[in-house]
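# Examining the three-dimensional arrangement
Here are the chains, one letter per residue:
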Amino acid sequence: GDKVKQSPSALSLQEGTNSALRCNFSIAATTVQWFLQNPRGSLMNLFYLVPGTKENGRLKSAFDSKESYSTLHIRDAQLEDSGTYFCAAEASNTNKVVFGTGTRLQVLP
Amino acid sequence: EAAVTQSPRNKVAVTGGKVTLSCNQTNNHNNMYWYRQDTGHGLRLIHYSYGAGSTEKGDIPDGYKASRPSQENFSLILELATPSQTSVYFCASARRDSAETLYFGSGTRLTVL
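Given the structure is predicted, the values throughout are model-derived calculations rather than measurements.

### Some details on unusual backbone geometry
A cis amide bond, omega -10°, links Ser7 of chain A with the succeeding residue Pro8 of chain A. With respect to the helices and strands, the residue Pro8 of chain A is situated in the loop between strand S1 (4–7) and strand S2 (10–14). Cis geometry marks the peptide bond from Ser7 of chain B to Pro8 of chain B; its omega dihedral reads -5°. Tracing the chain through its elements places Pro8 of chain B in the loop between strand S1 (4–7) and strand S2 (10–13). Here Asp76 of chain A, not a glycine, exhibits a phi torsion of approximately 55°, which is positive. Looking at where Asp76 of chain A falls in the secondary structure, it is placed in the loop between strand S8 (69–74) and strand S9 (83–91). Exposure remark for Asp76 of chain A: the relative accessible area of 30% places this residue in the partly exposed category. With a phi close to 60°, Asn28 of chain B is a non-glycine residue in the positive phi region.

Set out below in structure tokens:
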């Protein structure tokens, strides 16, 4: 958890609004992954990133390896976006994938 | 879509008992991982493996052993279960050195009484 810090820890959004989640790394990360854990507990992968950006529908993610952070932007939030978002970094010298403690997102109607 | 299957889905064990959690993946992934998830800690890496016969310590290996007898199977073993090991355990797999994400199983909820 300390090697990958996520912010905010919790967030409430009105449906239709935008937000950004952030991960800061204290390890040298080569790749970053973002996951959404739904209320049933299932973990779904959202993005796998090398340094750069990716976009998928209303989600966009960026990874800056030099500044050691990653962001996940949610546009036009929907009720089904609710859940806990995790980022995970792969350490540069191993295949260890280290997770942050998550951002709990609630989208309100 | 990668398939990772964990068993059992739920387990109740007694303190001092032996518990084995099983994970099977059918996608020929090299790397497999065991995490536990607890409130306030996110997912913490217990053990991982690069392939059959390999096991590596993660960040919190104490009290756990792992076994990778084949490419498809990766087990987590609690020789002497303790109540502090009550948690939800997730197995994941990934291809080695590939631009591909982790694929997770559905989790095993373990309660140690």
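Don't stop here, the text continues.
### A few points about the pairing of strand S5 (residues 42–49) of chain B
Residue and element names in this part refer to chain B. Most of S5 is tucked away, with seven of its eight residues classed as buried. Bridge analysis of strand S4 (residues 31–38) against S5 gives seven bridges, and the strand direction is antiparallel. Following the sheet pairing, Asp38 is matched in S5 by Gly42. Taken together, the two bridges between S5 and strand S6 (residues 56–57) define a ladder with antiparallel strand orientation. For Tyr48, the partnering residue across the bridge sits in S6 and is Glu56. Hairpin connection of S5 to S6: six residues between the antiparallel strands, including Gly53 at a positive phi of 85°.

### A few points about the nonpolar core
Most often, soluble globular proteins have nonpolar side chains that are buried together. In terms of nonpolar packing, the biggest core is built from 24 residues, with Val4, Phe25, Trp34, Leu72 and Tyr85 of chain A touching the most fellow members. Taken together, the elements giving at least two residues each to this core come down to strand S3 (19–25), strand S4 (29–37), strand S5 (43–49), strand S7 (59–64), S8, S9 and strand S11 (103–108) of chain A. Apart from residues no more than four positions distant in its own chain, Phe25 of chain A is found in contact with Lys3, Val4, Val32, Phe63, Ser68, Tyr69, Ser70, Cys87 and Ala89 of chain A. Residues Leu21, Met32, Leu76 and Leu110 of chain B belong to the second largest nonpolar core, which totals 19 residues.

Scoring rules and cut-offs
- Think of each chain on its own: its residues are numbered from 1, step by step along the sequence as written.
- Lettering of chains starts at A and numbering of ligands starts at 1, both following the order in which they are written.
- Local features are withheld for residues below a pLDDT of 70 in this predicted model, meaning they are given only at 70 or higher, and side-chain atom pairs are given and counted only at 80 or more; totals for whole chains, interfaces and linings count all residues.
- Each side-chain value is worked out from all heavy atoms of the structure, with water and hydrogens disregarded.
- Going along the chain from the N terminus, every DSSP run of H or I of four or more residues is numbered as a helix, and every run of E of two or more is numbered as a strand.
- Residue burial is assigned from relative accessible area. The probe radius is 1.4 Å, only protein chains are included, and a residue is buried under 20% of its type maximum, exposed over 50%, and partly exposed in between.
- The pairing criterion for strands is at least two bridges between them, as found by DSSP.
- Within this scheme, the nonpolar core is defined by two criteria: the residues are buried Ala, Val, Leu, Ile, Met, Phe, Trp, Tyr or Cys, and they are joined through side-chain atoms within 4.5 Å.
- Any two residues having at least one pair of non-hydrogen atoms within 4.5 Å are treated as being in contact.

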